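Tertiary structure, described
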Amino acid sequence: MKLDFLTSLYVFMLAGFIGFEVIRRVSPLLHTPLMSLTNALDAIAVVGAIILAGEHKTNFSAILGTIAIVAATSNIVGGFLITDRMLKMFKVSGPKKS
Amino acid sequence: MMSEFASTQLIEVTYLIATALFILSLKWMSSPATARRGVWAGEFGMLLAVAGTLLHRGIVDYKWLAAALVLGTIIGVPLGKVAMTAVPQRTALSHAFGALCVTLVGTAEFYLRAPSVPPFMMAVLGMEVILGSLTFTGSLMAAGKLQEVLPQRPITYKGQNFVNLGVLVIAVIVAIILVLHPERVYLYPLIVILPLIFGVLMIIPIGGADMPTVISLLNSYAGLSAAAMGFVLDNKLLIIAGALDGASGFILSVNMSKAMNRSFSNVLFGAFGQEQASAAAGAETRAVRSASAEEAASILAAANKVVIVPGYGMAVSQAQHKVRELYDALTKRGVDVRFGIHPVAGRMPGHMNVLLAEADIPYDKLMEMDDANGDFAQTDVALVIGANDVTNPAARTDASSPIYGMPILDVDKARTVMVIKRGMSAGFAGIDNPLYYSDKTLMLFGDAKSFVGSIVREISGGSGH
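The shown structure was predicted, so the numbers you read here are calculated from the model rather than taken from an experiment. (Residues numbered from 1 in each chain as written. Chains lettered and ligands numbered in written order. Predicted model: local features only at pLDDT ≥ 70, side-chain atom pairs only at ≥ 80, totals over all residues.)

Comments concerning the nonpolar core
Ranked by internal contacts, the top residues of the largest apolar core, which has 197 residues, are Ala45(A) and Ile385(B). In this structure, this core is formed jointly by two domains, domain 1 (89-268) and domain 2 (293-462) of chain B, each of which donates at least three residues. Among all residues touching Ile385(B), those that are not within four sequence positions of it are Ile308(B), Val309(B), Pro310(B), Gly311(B), Gly313(B), Met314(B), Ala319(B), Val323(B), Ile420(B), Ala448(B) and Val452(B). (Core = buried A, V, L, I, M, F, W, Y, C linked by C-beta atoms within 7 Å. Buried ≥ 20, exposed ≤ 12 C-beta atoms within 10 Å, placed from the backbone. Domains from an automatic or database assignment. Contact = placed C-beta atoms within 7 Å.)

Concerning the packing of helix α6 (residues 160-180) of chain B against helix α7 (residues 190-203) of chain B
All names here are of chain B. The interhelical angle for the contact between α6 and α7, taken along N-to-C directions, is 160°, at an axis separation of 9 Å. In terms of their interaxial angle, α6 and α7 are classed as roughly antiparallel. You can see that α6 and α7 cross each other, and the crossing is left-handed. Note on element contacts: α7 touches α6 through Leu 190, Ile 191, Leu 194, Pro 195, Ile 197, Phe 198, Leu 201 and Met 202, opposite Val 163, Asn 164, Val 167, Leu 168, Ile 170, Ala 171, Val 174, Ala 175 and Leu 178. Counted by class, the contact of α6 with α7 contains 16 nonpolar, one polar and no charged residues. (Axes fitted to C-alpha atoms, helices over the stretch in contact; angles between N-to-C directions. Helix = DSSP H or I, 4+ residues; strand = E, 2+ residues; numbered from the N terminus. Parallel < 35°, antiparallel > 145°, perpendicular 65-115°, else oblique. Left-handed = near helix turned anticlockwise from the far one by under 90°. Nonpolar A, V, L, I, M, F, W, Y, C, P; charged D, E, K, R; others polar.)

So, the domain arrangement of chain B
All names here are of chain B. By domain assignment, chain B separates into domain 1 (89-268) and domain 2 (293-462). Spacing between the C-alpha centres of domain 1 and domain 2 amounts to 36 Å. Tallying the contact residues gives 15 residues for domain 1 and ten residues for domain 2. Where the side of domain 1 that touches domain 2 is concerned, the elements lending two or more residues are α8 (211-233) and α9 (236-259). Classifying every residue of the side of domain 1 that touches domain 2 by side-chain character gives nine nonpolar, six polar and no charged.

Quick look at the interface of chain A and chain B
Think of interface size as the accessible area that goes away when the parts come together; that is how it is often given. Taken together, the 80 residues of chain A in the interface contact 96 residues of chain B. Elements that contribute at least two residues to the side of chain A that touches chain B include exactly α1 (2-24), α2 (31-42), α3 (46-55) and α4 (59-89) of chain A. Considering each element in turn, the side of chain A that touches chain B owes the most residues, 27 residues, to α4(A). The residue inventory of the side of chain A that touches chain B, partitioned by class, reads 48 nonpolar, 24 polar and eight charged.

Written out as structure tokens, the structure reads:
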């Protein structure tokens, strides 16, 4: 049990460093879509909610889990949709003329 | 059917691939050229992880899962289709949803394990639930203010910070007691309710112009609470996604606070919106030069290089499409038109870029603050549309100004400055802007959208002569 937590801490720390390095390189141009994208990715919490609701250990946990799935799923769907919509709008003036 | 071992292995493999895809997704966000690929990678990783999770052997009941997934999709689609001007409040709302999910799962996990929750698990569970709850109400409040359902102006009272921090400190103390004595199950509701109250209190003193920092901070909290949930569930994918989101929100908050010249601790403790009310008193009437659309049009049309500086006022008056027409009309006449964008212009990080991109303005014409500042000396006309404090030269020159030291766009270095503004009222910070009284400044009084519209008519009408 204790060792698991230690491994988790390592994972958290490494992911934090990767996050810093990767996100520092994101152009300020894209900070709004970045936020909606990370929001959608963050909704991966849905996997915890699915297991909670699906295992149905108590009615209480199943109800909370089900509501949690609704909240997270709406973030996944809405987050990816709007990120893609925003990114589609970013165009270069360069070579292609229309 | 698969053996339990095989199915667990399969789930772990989907999580592993999803993790790699999530990291690639953020990496591809670094440039507009690859960013859409990033979204696809994220979507694919998400799909894989959710599909893998559905194979989990312990799942006994699929019909509620299906119903919840469908309902979430039904709510999510309209949230993905809001107008670009509503993106800040949509983002705040999605932080609230994410935090709600995390808080509910944490609560259910606590009651499933109580009264024997191991100390380390109780500690991360406490973090998960405290951060989740305060992010939930805080984000709802922020969304309400941005949507203007709630009053946008900051509400402050004496001892506010003391009360706010007090509520949070009590919640943390209760969580510590639960770590030491998890059998005191009756204490648990306090670590949900107190942070819920704190979330509301935290946003009450926040004004509109502080929103970019606050949204980023809530983003970071939402990520950290999800990472804490990963610790509780021993789910590495969740820890990584949460850490990435937390890091992203943290970087954005630091950027925003730097762009407003606030220290990060000032931001962390929610002590925003304190500085106003100090100024605005010395609003003596000084002479300003104003100009008509016709005059503005002839100056712009004669320029070689124009830098447009948009602010929240452009978003409010929905002027971005008229600005695009102005951009077209001037470009057609051979004028070099670019945009200078301050990091905190608007209501969230990158807000102006998205609005201008929506209006089909090519992104290579959008300059960050430092690039724009290198350009103003060679600029004929700086046209400020609905921005105020971010162009205030007092930030450079007047040590007594509340915004002294804040990095600004040096529009006053351009040969001519034009400011489209509804009236002479001070900006968010309530500070007078000396730029308006400079002899090279022309004030264009009116609504941004209609004023830009009239300038465009003058320029196009005058062409050919």
